[in-house]
Amino acid sequence: AAGVAGEGSDCFGFDDAISRDHDFEAGFCLWIPDRLEHELEFKLSRAYGKLPEEYLGVRREKQSLLGGGRRGVLLTGEFYRRFTGRPGAPESLMEWLYTPEHSLACAVNGRVFYDGCGEFSAVRRELETGYPEDVRLKKMAARAVLMAQSGQYNYSRCLRRGEYGAAAMALHEFVSAGLSMIFLLNRRYMPYYKWSFRAARELPVLREAAGELERLAGGPVRTEERIEGVCRAVVQELKRQGLTGGDWDYLEPHAMELTERIRDGELRNLHVMEG
C-alpha cells in the first residue's frame, strides 16, 4: 500500500509555513505486509533511497530526533503497533479504552493512494468506525464528570478563594475534557492537543461549542457564562443522540445515565472517571 499517514501535521492536512521547520520533506509511505519483510523491505528501501533529493522545490531533510521512521518503507503491523500496541486494531474493550485518542487519530489520518492486497486498508477501515459503543459511553461519562467538577464546580470556588492558579488549571481541565467530549459525540478521535482546536473547526456536530472552548482557553472573558453554555450544548446533543433523558444543567447526573447504558459489566463497574 502507498500513501501518507501517521504522525505529523501534514498527515492531518494542517501543514503551514511555521510547521515546516522540522520533520518536513518530500516523501511518502510504502506499507508492506509483515510476512513479506524479507522478500520486499530491502529492495523497496534501496529503491526509495534512490529517489531524488528534491521534488517540486522540497528537499528530503529537516528530520528531528523524534521524527524518524515516518516515511519510506514500513511494515503494516509495525505501523499500527506504533499507535495501538497491536499489529491492527485493539482486540478488547479494555484495549480500546486505554489506547490514547491522539494515537488512534494518527492511525486513520492522511490518505492511502493505493492498496494492492487490501491488508493495510482493512485495519484502517476497522479503526475508522470509531470506538465500540460501550467504550464511547464510558469515555463520555468520564468527560461529563470531569467537565462538571472542573468547570461547573471547582472553577468558581477556586476564584472565590483567590486561588487563581488553581482556577486556571480547573479551566484547562474543563476545556480539555470538553473538547474530547465533542470529538466523542462526533464519533471521531481527538488529535494531539496542538491540533485539537483546528480539527474541531471541521466537525459537523457542536462546532460552535468547540469555538467557545477555544475562546475560554484564550482568556477569562465571560468565563462562567461560557462554561454553562458549552455544558448546555453538550446536554442537548446527548439528548439528541438518545443517550440521556434528564433535564439537569449539571453534567454529573448525565454521566450516571451514560454509565447505566453500558452493557459490558466490566466497563460499567469501573470508576466513573476511568478512561
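Provided above is the structure to which this section pertains.
Procedures and definitions
Residues numbered from 1 in each chain as written. Predicted model: local features only at pLDDT ≥ 70, side-chain atom pairs only at ≥ 80, totals over all residues. Heavy atoms only, no water. Phe/Tyr/Trp six-rings, centres within 6.5 Å; stacked < 30°, edge-to-face > 60°. Helix = DSSP H or I, 4+ residues; strand = E, 2+ residues; numbered from the N terminus. Buried < 20%, exposed > 50% of the residue type's maximum accessible area, 1.4 Å probe, protein only. Contact = heavy atoms within 4.5 Å. Axes fitted to C-alpha atoms, helices over the stretch in contact; angles between N-to-C directions. Parallel < 35°, antiparallel > 145°, perpendicular 65-115°, else oblique. Left-handed = near helix turned anticlockwise from the far one by under 90°. Salt bridge = Lys/Arg side-chain N within 4 Å of Asp/Glu carboxyl O.

Q: Sorry, what's going on with the packing of aromatic side chains here?
A: Here the distance between the centres and the angle between the planes together describe a pair of aromatic rings. Enumeration over the complete set of coordinates arrives at twelve aromatic pairs. Plain terms: the ring middles of Trp31 and Phe120 are 3.9 Å apart, the flat faces sit at 15° to each other, and that makes the pair stacked. Here Trp31, found in strand β2 (residues 29-32), pairs with Phe120, found in helix α6 (residues 119-128); they are 89 residues apart in sequence, far enough to count as distant. Of the two residues examined, Trp31 and Phe120, each falls in the buried class. Joined through ring pairs, the aromatic side chains of Trp31, Phe79, Tyr80, Phe83 and Phe120 make up one cluster.

Q: Would you take a moment to explain the environment of Val272 for this structure?
A: Within the fold, Val272 resides in the segment after α13 (265-268). Measuring from C-alpha to C-alpha, the distance between Val272 and Leu258 comes to 9.8 Å, with 14 residues separating the pair along the chain. Leaving out residues up to four positions away in the same chain, Val272 has contacts with Lys138, Ala141, Ala142, Val145, Ala255, Met256 and Thr259.

Q: It is not clear to me how the packing of helix α8 (residues 164-185) against helix α9 (residues 193-200) should be interpreted in this structure. Could you clarify?
A: Packed helices, taken two at a time, are described by the angle their axes make and the gap between the axes. Where α8 contacts α9, the two axes come as close as 11 Å, and the packing angle between them is 50°. One element, α8, and the other, α9, form an angle in the oblique class. The handedness of the crossing between α8 and α9 is left-handed. Facing α8, whose interface residues are Val175, Leu179 and Phe183, α9 presents Ser196, Phe197, Ala199 and Ala200.

Q: What is the right way to look at α9 in this model?
A: Residues spaced three or four apart along an α-helix point in a common direction, a consequence of the helix completing one turn every 3.6 residues. Among all positions in α9, only Trp195, Ser196, Phe197, Ala199 and Ala200 are buried. Of the surrounding secondary structure, the elements contacted by the buried residues of α9 are α1 (9-12), α8 and α10 (207-218).

Q: Just checking my understanding: could you explain unusual backbone geometry for this structure?
A: A negative phi angle is the norm for most residues apart from glycine, just as the trans form is the norm for most peptide bonds. Here Arg187, not a glycine, exhibits a phi torsion of approximately 60°, which is positive. With respect to the helices, strands and loops of the structure, Arg187 is situated in the loop between α8 and α9. With a relative accessible area of 45%, Arg187 lands in the partly exposed category. For Leu206, which is not glycine, the phi torsion reads 60° and is therefore positive. With respect to the helices and strands, the residue Leu206 is situated in the loop between α9 and α10. Classification of Leu206 as buried rests on a relative accessible area of 13%.

Q: Is there a simple way to explain the environment of His172 in this structure?
A: Mapped onto the fold, His172 is located in helix α8. Here the alpha-carbon distance between His172 and Leu243, two residues 71 residues apart in the chain, equals 26 Å.

Q: Please explain the pattern of salt bridges as it appears in this structure.
A: Close approach of charged atoms allows side chains with opposite charge to pair. The final tally for this structure, using the stated rule, is 17 salt bridges. For the salt bridge of Arg82 with Glu7, the shortest nitrogen-to-oxygen distance reads 2.7 Å. Residue Arg82 is found in helix α3 (residues 76-84), and its partner Glu7 is found in the loop between β1 (2-4) and α1; the two are separated by 75 residues along the sequence. Residue classification places Arg82 among the partly exposed positions, given a relative accessible area of 40%. When the shortest N-O distance is used, the salt bridge between Asp247 and Lys239 registers 2.5 Å. One continuous salt-bridge network, built from bridges that share partners, spans Glu7, Arg70 and Arg82.

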